[in-house]
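# A structural walkthrough
Here are the chains, one letter per residue:
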Amino acid sequence: MGNEMVSDGDRRDFLIKLTSVVGGAGVAATCVPFVASMNPSSDVLAKAETEVDLADITPGAMRTVAWQGKPVFILRRTPEQIQSVSASNGVLDPQPDNARVQNPEWLVVIGVCTHMGCVPNKEGPGWTCHCHGSQYDDSGRVVHGPAPKNLEVPPYKFLADNKLVIGRA
Ligand code: FES
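Below is a summary of the structure that appears in this document. (Residues numbered from 1 in each chain as written. Predicted model: local features only at pLDDT ≥ 70, side-chain atom pairs only at ≥ 80, totals over all residues. Heavy atoms only, no water.)

## Brief notes about the overall build of the chain
Keep this limit in mind: A helix here means a DSSP run of H or I that spans at least four residues, while a strand means a run of E at least two residues long, and both kinds are numbered starting from the N terminus. Between two residues, a contact is recorded if the distance between any of their heavy atoms is within 4.5 Å. Note on areas: these come from Shrake-Rupley sampling with a 1.4 Å probe, and a residue is covered only by the protein chains present in the view.
If you tally the helices and strands in the chain, you get 3 helices and 10 strands. Reading the chain from its N terminus to its C terminus gives the helix and strand order α-α-β-β-β-α-β-β-β-β-β-β-β. Considering only residue pairs separated by 6 or more positions, the chain has 51% of its internal contacts joining residues 24 or more positions apart. Carbon and sulfur atoms make up 58% of the accessible area of the chain, which totals about 10200 Å².

## Let's talk about the sheet that holds strand 6 (residues 127-128)
Here is the rule: We treat two strands as partners when DSSP finds at least two bridges between them.
Taken in spatial order, the 4 strands line up as 5-6-7-8 in an open sheet, and their pairing is antiparallel. At either margin of the open sheet sits one strand with a lone partner, and together these are strand 5 (121-122) and strand 8 (142-144). As defined by bridge partners, strand 7 (residues 135-136) adjoins strand 8 across 2 bridges and the pair is classed as antiparallel. Bridge assignment links Tyr136 to a residue of strand 8, and that residue is Val142.

## Structural notes on the pairing of strand 9 (residues 156-160)
Judged from the 4 bridges that link them, strand 9 and strand 10 (residues 163-166) form a sheet pairing that is antiparallel. Each residue of the ladder has a partner; that of Phe158, found in strand 10, is Leu164.

## Quick word on the environment of Trp127
Our working definition: Three exposure classes are used, based on accessible area relative to the maximum for each residue type with a 1.4 Å probe and protein chains only: buried under 20%, partly exposed in between, and exposed over 50%.
Note that Trp127 resides in strand 6. Among the residues examined, Trp127 registers a relative accessible area of 1% and is labelled buried. Separated by 16 residues in the primary sequence, Trp127 and Gly111 place their C-alpha atoms 9.4 Å from one another.

Structure follows, in structure tokens:
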């Protein structure tokens, strides 16, 4: 009979343990879909890399491709454009052109203005951002603010002379 008696202390301990187990299970059940939702979906994974065929981009022409939801500008530079950007290190965010390209003929930059994220337009030499007037040269370096930084160079790799992949270093 004495074995069947449960003290208030034992009952309290049992309830605390039960609450902890149920609560822990609830947290785990809540976390699983949350963590799962943080994994990239298959269409995002598919766009983690973007392959680009360069064969039909003529000298002086630019193509815009999408990579991870962002525009990437691929500019096939002429000898004159290469000579022009090689003559300076940029103005507001100095960087030599040869530190920004793997092959001087091809400039690859993310087409998002470093001021507030507008997409600059290719106009004459370089790009102009019409949101607030920033200008970039044909190396994607900022030459007139308010943008504080050069256009970002994404990771990319040449797979062949006429093919590159963006998103792989
Ligand atoms: S977003 Fe380009 S200048 Fe402001």
